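Now for the letters of each chain:
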Amino acid sequence: LQAITVSGKSVTASSEKYFLLHKPTGVVSAVSDKEHQTVIDLIKQGDRVSGLYPVGRLDRDTEGLLLITNNGPLGFAMLPPLYHVAKTYYVEVNDILGPDAPAFFESGVVFEDGTVCQSAQLEVLSSASDKSCARVTISEGKFHQVKKMFLAYGVKVTYLKRISFGAFKLDEGIAVGSYRALT
């Protein structure tokens, strides 16, 4: 057994765990579920500790970056819209994203039920009548928000992948369904 000291003070390892998961489609962002595999099920038994939970959620049919931790205050600090933690998604839709699309998202999209979204940044990567690709950045997380924003514009999301969450970026070296520990 070794002991580490700095300036005469003992240093202890933190019991907090942090994982960056590349969530696959079909898996739910939950601690437990009676019908579907959960993101916690993807964490190897040897890496699991008590209290692990996903920070936020991704829809079952959405893939991408998800943080898993047992640090309760972290989720509180990253999720409320008042903290403006940016989340960026790569999106594919079934129709044209016109030159007006970035301004539409910037102005704050309004859903059919009257729900108003905060301003979002849209970068159109390609646009065609059968498939357009874009990156969209939001700082809130309403239920199915990204999909509903594109529906309000008049196109349907066919593929959705979260590529960043705050300062965290999805490492493309992490296979879908795999994760890596963060320090």
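Residues numbered from 1 in each chain as written. Predicted model: local features only at pLDDT ≥ 70, side-chain atom pairs only at ≥ 80, totals over all residues. Heavy atoms only, no water.

This part is about the pattern of salt bridges. Tallied over the full model, the rule gives eight salt bridges. The residue Lys 161 makes a salt bridge to Glu 63 at a minimum N-O spacing of 3.9 Å. Residue Lys 161 is located in strand 9 (residues 157-165), and its partner Glu 63 is located in strand 5 (residues 63-69); the two are separated by 98 residues in the primary sequence. Each of the two residues, Lys 161 as well as Glu 63, counts as buried. With a shortest N-O distance of 3.7 Å, Lys 131 and Glu 92 are connected by a salt bridge. Placement of the pair is Lys 131 in the loop between strand 7 (121-126) and strand 8 (132-138) and Glu 92 in strand 6 (residues 87-93), with a sequence separation of 39 residues. Accessibility expressed as a relative area gives 39% for Lys 131, which makes it partly exposed. (Salt bridge = Lys/Arg side-chain N within 4 Å of Asp/Glu carboxyl O. Helix = DSSP H or I, 4+ residues; strand = E, 2+ residues; numbered from the N terminus. Buried < 20%, exposed > 50% of the residue type's maximum accessible area, 1.4 Å probe, protein only.)

Tracing the sequence through the fold places His 22 in strand 3 (residues 18-23). What makes His 22 buried here is its relative accessible area of 2%. Not counting chain neighbours up to four residues away, the residues in contact with His 22 comprise Glu 63, Gly 64, Lys 161, Leu 170, Ile 174, Ala 175, Val 176, Gly 177 and Ser 178. (Contact = heavy atoms within 4.5 Å.)

Each aromatic ring pair is specified by the distance between its two centres and by the angle formed by the two planes. For the coordinates displayed, the defined rule picks out five aromatic pairs. Relative to Tyr 179, the ring of Phe 19 has its centre 5.2 Å away and its plane inclined at 80 degrees; by these criteria the two rings are edge-to-face. Of this pair, Phe 19 sits in strand 3 while Tyr 179 sits in strand 11 (residues 179-181), and the two are 160 residues apart along the sequence. The class of Phe 19 is buried, set by a relative accessible area of 4%. Consider the rings of Phe 104 and Tyr 153, whose centres lie 5.3 Å apart with planes at 65 degrees: the pair is edge-to-face. (Phe/Tyr/Trp six-rings, centres within 6.5 Å; stacked < 30°, edge-to-face > 60°.)

One finds Ile 68, Val 91, Phe 105, Val 136 and Phe 150 to be the most contacted residues of the largest nonpolar core, which totals 33 residues. Counting only elements with at least two residues in this core, the list comes to strand 3, strand 5, strand 6, helix 2 (101-106), strand 8, helix 3 (145-153) and strand 9. If one sorts the elements of this core by residue count, helix 3 sits on top with four residues. Every residue in contact with Val 136, bar those within four places of it in the chain, is listed here: Lys 87, Thr 88, Tyr 89, Val 91, Phe 105, Ala 120, Gln 121, Leu 122, Val 146 and Phe 150. Of all hydrophobic cores here, the second largest spans eleven residues; its members include Leu 20, Leu 74, Leu 170 and Ile 174. (Core = buried A, V, L, I, M, F, W, Y, C linked by side-chain atoms within 4.5 Å.)

Structural measurements only, silent on function.
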